[in-house]
Amino acid sequence: MRILNATQMREADRHTIEEIGISSLVLMENAGRQVVAAMEAAYESELGGRVGVLCGHGNNGGDGFVVARTLIQRGVDTALFVIGSVADIRGDARTNLDILGRLGITVVEVSDEQTWELHFSEISQCTLLVDAIFGTGLTSALGGMMETVVADINASGIPIVSIDLPSGMSADTPHLVGDCIDASMTVTLAAAKLPLVLPPGETHAGDVVIADIGIPSEVLEGLEGPQIELLTPEEIRMLVEPRAPESHKGDFGRVTIVAGSRGKTGAAHLAAAGALRSGAGLVTVATPASCLPILASMAAEIMTEPLAEAGDGTVVAAAIDAVIELQHDVIACGPGLGRGPAVAQFVRGLLDRSTVPLVLDADALTVLADDPAGLEGREERSVIITPHPGEMARLIGASVDEVQTNRIQVAADFATTRRLYVVLKGHRTIIATPEGRVFINPTGNAGMASGGTGDVLTGMIAAWLAQLLDAEAACRIAVFLHGAAGDLAEGSHGQVAMTATDLVARLGDALNQLAGRDKDAA
């Protein structure tokens, strides 16, 4: 599902109106009615009281005028306020305001702080408020009377439904440009916007509903500019094909996981478990020889391959031949591998010599941080890296704060310049492709912030890559299901008590839920 900035949203409107022929008044009518439908679904009891609709003088206010008219026509007690001067209202918003006048609906003009103070006591008695003051066009912080309006509304404790964006947000950044409405629900029009799906903006958006207002999907998908998408279950479902009855294990890929070192065999096991639970036909863990007996006892389904090791129980470059000779479809490398010079030499050699797709995580990235030369994809061999913010920061020579402040740009720049796939883990995991596409994952929760969950994801990506031979699709499926399994595990164990093993146990439920076979999994 496409995520749009302000310029793209304006172009979608223009194209729909001028080239498709759907009038702007029709789009505004559709928007207002979709907002009312969302309110009826979420706030049935509040609609039994009084609803206050606060409108600005732009198109967002016009949407609010449609909301007010629709509510009144449905018998809802509604009070309508224009925040600003009525004389400034133009275009389609003015048309809808004039309709209200012809219907005899009272509109209260609030053009200064004194008038706001006079009417706020009335507004504060409402059971539900509609924020239709500013839409996607805002680029700077609110000032003057609007600061007071936002502060008073937020302090009222009344549920707030914002149209398109909570007033005070900019559609072009997830970061706040100033004070904004703390919405209980945001009904955004036609497509999602960045501040509704990424922190810190998302914390002010409440529940987000994407309303179809009549802009054709072809228009949204064809827009120029940043290609940023939100992963959805409908799209992920289409990537997971049912298995043919005559299938055998060779049809679903062979995965080698190079992982583990003395004291860190658990990471290797979790990566293997993620791969097995994601449907890989055969999974082999290649690990330092001294670690093999421990790993072999952890899961009967995994095969093992002993690797040459240093005295500290970490892999050495001499082990590369053994890994290459396994002739598997995908190699995942990194979980629990260790961080010494010998490990770095091994990882660099594997990057140089491997002809099959690689998934690199954890220690495999850390040992490359001082000199990431060679960390690149090739036309004949894709590379996927799965850093957490600290690992990403080391790779680009920046601070964690710098990475977290600009996650999309950091991931996209590294992916396009290095011609590889970046899965930047964390809240709202980012997937960036060599072609410049970016995906944002909505699944997952803070309970997944514990050791081992990233190792599980590494195995999952490798398994889906082995089955599909499509790196972008593998990242999208694995990241979405990883978060979905975490959400199911949260339902069973809560966030504090959840472990990576709990997440692995719910991967099958997450797949069933995606396919619609177990809608009540919890």
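Basis of the calculations
Once a new chain begins, its residue numbering starts again from 1 and follows that chain's sequence as written. The predicted nature of this model means local features are confined to residues of pLDDT at least 70 and side-chain atom pairs, given and counted, to a pLDDT of 80 or more, with totals for whole chains, interfaces and linings taken over all residues. Processing note: side-chain calculations cover all non-hydrogen atoms of the structure and skip hydrogens and water entirely. A run of DSSP states H or I qualifies as a helix once it reaches four residues; a run of E qualifies as a strand once it reaches two. Both are numbered from the N-terminal end. A 1.4 Å probe rolled over the protein chains alone gives each residue an accessible area, and that area as a share of the maximum for its type sets the label: buried under 20%, exposed over 50%, partly exposed in between. Method for areas: the Shrake-Rupley scheme with a 1.4 Å probe, in which residue coverage is limited to the protein chains shown. Positive: Lys, Arg. Negative: Asp, Glu. His and the chain ends are not part of the count. Here the site of a charge means NZ on Lys, CZ on Arg, CG on Asp, or CD on Glu. Residues enter a nonpolar core if they are buried and are Ala, Val, Leu, Ile, Met, Phe, Trp, Tyr or Cys, with the set joined through side-chain atoms within 4.5 Å. Every residue pair with non-hydrogen atoms within 4.5 Å of one another is taken to be in contact. Salt bridges are defined as contacts in which a side-chain nitrogen from Lys or Arg sits within 4 Å of a carboxyl oxygen from Asp or Glu. Patch criteria: residues need more than 30% relative accessible area and no salt bridge. Like-charged residues are merged within 9 Å; nonpolar side chains of Val, Leu, Ile, Met, Phe, Trp and Tyr are merged within 5 Å. Each residue after the first adds 1.5 Å to the expected span of a helix. With axes taken as lines fitted to C-alpha atoms, and helix axes fitted only over the stretch in contact, angles between N-to-C directions fall between 0 and 180 degrees. With respect to orientation, any angle under 35 degrees is reported as roughly parallel, any angle over 145 as roughly antiparallel, any angle of 65 to 115 as roughly perpendicular, and every other angle as oblique. Handedness of a crossing is defined here by the sense of rotation of the near helix relative to the far one, left-handed for an anticlockwise turn of less than a right angle and right-handed for a clockwise turn. Three classes are used, and their members are as follows: Ala, Val, Leu, Ile, Met, Phe, Trp, Tyr, Cys and Pro are nonpolar, Asp, Glu, Lys and Arg are charged, and the others, Gly among them, are polar. Stacked, edge-to-face and tilted labels apply to pairs of Phe, Tyr and Trp rings (six-membered ring for Trp) whose centres lie within 6.5 Å, assigned for plane angles under 30 degrees, over 60, and everything in between, in that order. A ring has a charge above it when a Lys NZ or an Arg CZ is no more than 6 Å from the ring centre and no more than 35 degrees off the ring normal. For two strands to count as paired, DSSP must find a minimum of two bridges between them.

Peer 1: Is there a simple way to think about the overall build of the protein chain in this case?
Peer 2: Looking only at helices and strands, the protein chain features 21 helices and 19 strands. Principal-axis analysis of the C-alpha atoms gives the protein chain an extent of 85 × 45 × 45 Å. For the protein chain, the proportion of its 522 residues judged to be buried stands at 55%. When the accessible surface of the protein chain is summed, it comes to about 20,700 Å², and 50% of that surface belongs to carbon and sulfur atoms. Put simply, the protein chain has 34 plus and 66 minus side-chain charges, and the middle of one group is 5 Å from the middle of the other.

Peer 1: I would appreciate a short explanation of the nonpolar core in the present structure.
Peer 2: Core analysis: the largest hydrophobic core is formed by 54 residues, its most contacted members being Ile-257, Val-359, Ile-384, Val-423, Val-456 and Ile-461. For this core, the element with the most residues is helix H19 (residues 471–497), which contributes twelve residues. Residue contacts for Ile-384: discarding those within four places in its chain leaves Leu-358, Val-359, Leu-360, Tyr-421, Val-423, Ile-461, Leu-465, Ala-471 and Cys-475. Core analysis: the second largest hydrophobic core is formed by 50 residues, Ala-192, Ile-331, Leu-365 and Leu-420 among them.

Peer 1: It is not clear to me how the pattern of salt bridges should be interpreted in this structure. Could you clarify?
Peer 2: Close approach of charged atoms lets side chains of opposite charge pair. The full count for this structure, using the stated rule, is 20 salt bridges. Salt-bridge contacts for Arg-69 lead to Glu-29; the nearest nitrogen and oxygen are separated by 2.8 Å. With Arg-69 in helix H3 (residues 59–73) and Glu-29 in helix H2 (residues 24–42), the pair connects residues that are 40 residues apart, well separated along the chain. The buried category is assigned to Arg-69, whose relative accessible area is 7%. Salt-bridge contacts for Asp-321 lead to Arg-353; the nearest nitrogen and oxygen are separated by 2.7 Å. Of the two residues, Asp-321 is situated in helix H12 (residues 320–325) and Arg-353 in helix H13 (residues 341–353); the sequence distance between them amounts to 32 residues.

Peer 1: Looking at this structure, I do not really get a negative patch on the surface. What am I missing?
Peer 2: Together, Asp-88, Glu-109, Asp-112, Glu-113, Glu-117, Glu-147 and Asp-179 line one region of the surface with negative charge. Within the secondary structure layout, Asp-112 lies in the loop between strand E4 (107–110) and helix H5 (113–123).

Peer 1: What is the right way to look at H3 in this model?
Peer 2: Every α-helical turn comprises 3.6 residues, leaving residues that sit three or four positions apart pointing alike. Under the 1.5 Å per step criterion, the end-to-end length of H3 is 21 Å for 15 residues, consistent within 8% with the ideal 21 Å. Of all 15 residues in H3, twelve are buried, a share of seventy percent or more. Of the positions making up H3, those classed as buried are Asn-60, Gly-61, Gly-62, Asp-63, Gly-64, Phe-65, Val-66, Val-67, Ala-68, Arg-69, Thr-70 and Leu-71. Where H3 ends, the next residue or the one after it, Gly-75, has phi of about 85°, a positive value.

Peer 1: In this structure, what is going on with the packing of helix H15 (residues 389–396) against helix H17 (residues 407–418)? I would like to understand it.
Peer 2: Two quantities define a packed helix pair, namely the angle between the helix axes and the distance between the axes. In contact at an axis separation of 12 Å, H15 and H17 are set at 55° when each is read in the N-to-C sense. Compared by their axis directions, H15 and H17 come out oblique. The two elements H15 and H17 cross, and the hand of that crossing is left-handed. Residues Pro-389, Met-392, Leu-395 and Ile-396 of H15 touch H17, and the partners they reach there are Arg-407, Val-410 and Phe-414. Taken together, the residues of the contact of H15 with H17 break down into six nonpolar, no polar and one charged.

Peer 1: How should I be thinking about the packing of aromatic side chains in this particular structure?
Peer 2: Scanning the entire structure with this criterion turns up one aromatic pair. Judged by centre distance (5.3 Å) and plane angle (35°), the ring pair of Trp-116 and Phe-120 falls under tilted. Taken together, the residues span about one helical turn, with Trp-116 and Phe-120 both in helix H5 at a distance of four residues. Stacked on the ring of Phe-252, the Lys or Arg Arg-243 has its end atom at 3.4 Å from the ring centre.

Peer 1: What's the story with the side chain of Ser-162 in this structure? I'm lost.
Peer 2: Following the sequence through the fold, Ser-162 ends up in strand E6 (residues 160–163). Residue class for Ser-162 comes out buried when judged on its relative accessible area of 0%. Excluding residues within four positions of it along the chain, Ser-162 makes contact with Asp-131, Ser-167, Ile-181, Ala-183, Met-185, Thr-186 and Val-187.

Peer 1: How should the pairing of strand E7 (residues 185–189) be read in this particular structure?
Peer 2: In regular strands, side chains alternate between the two faces of the sheet. A large share of E7 lies buried, amounting to five of its five residues. Side chains Met-185, Val-187 and Leu-189 project from E7 onto one buried face, and the interleaved Thr-186 and Thr-188 project onto a second face that is buried too. Relative to E7, E6 runs parallel, the two being bridged by three bridges. When the sheet's bridge partners are listed, Ile-163 is paired in E7 with Val-187. Inspection of the sheet shows E7 paired to strand E9 (residues 207–211) by five bridges, in the parallel sense. For Val-187, the partnering residue across the bridge sits in E9 and is Val-209.

Peer 1: Quick question: what am I supposed to make of the sheet that holds strand E17 (residues 421–424) here?
Peer 2: Ordered in space as E8-E1-E10-E19-E18-E17-E16-E15-E14-E11-E12-E13, the twelve strands form an open sheet in which the pairing is mixed. Looking along the sheet, the strands with just one partner apiece sit at the ends: strand E8 (192–193) and strand E13 (303–307). Against the sheet, helix H1 (residues 6–20) makes contact with strand E1 (2–4) and E8, and its axis sits at roughly 105° relative to E1, the strand it touches most. Along the sheet face, H17 touches strand E10 (228–230), strand E16 (383–385), E17, strand E18 (430–432) and strand E19 (438–440) and points at about 30° away from the line of E18.

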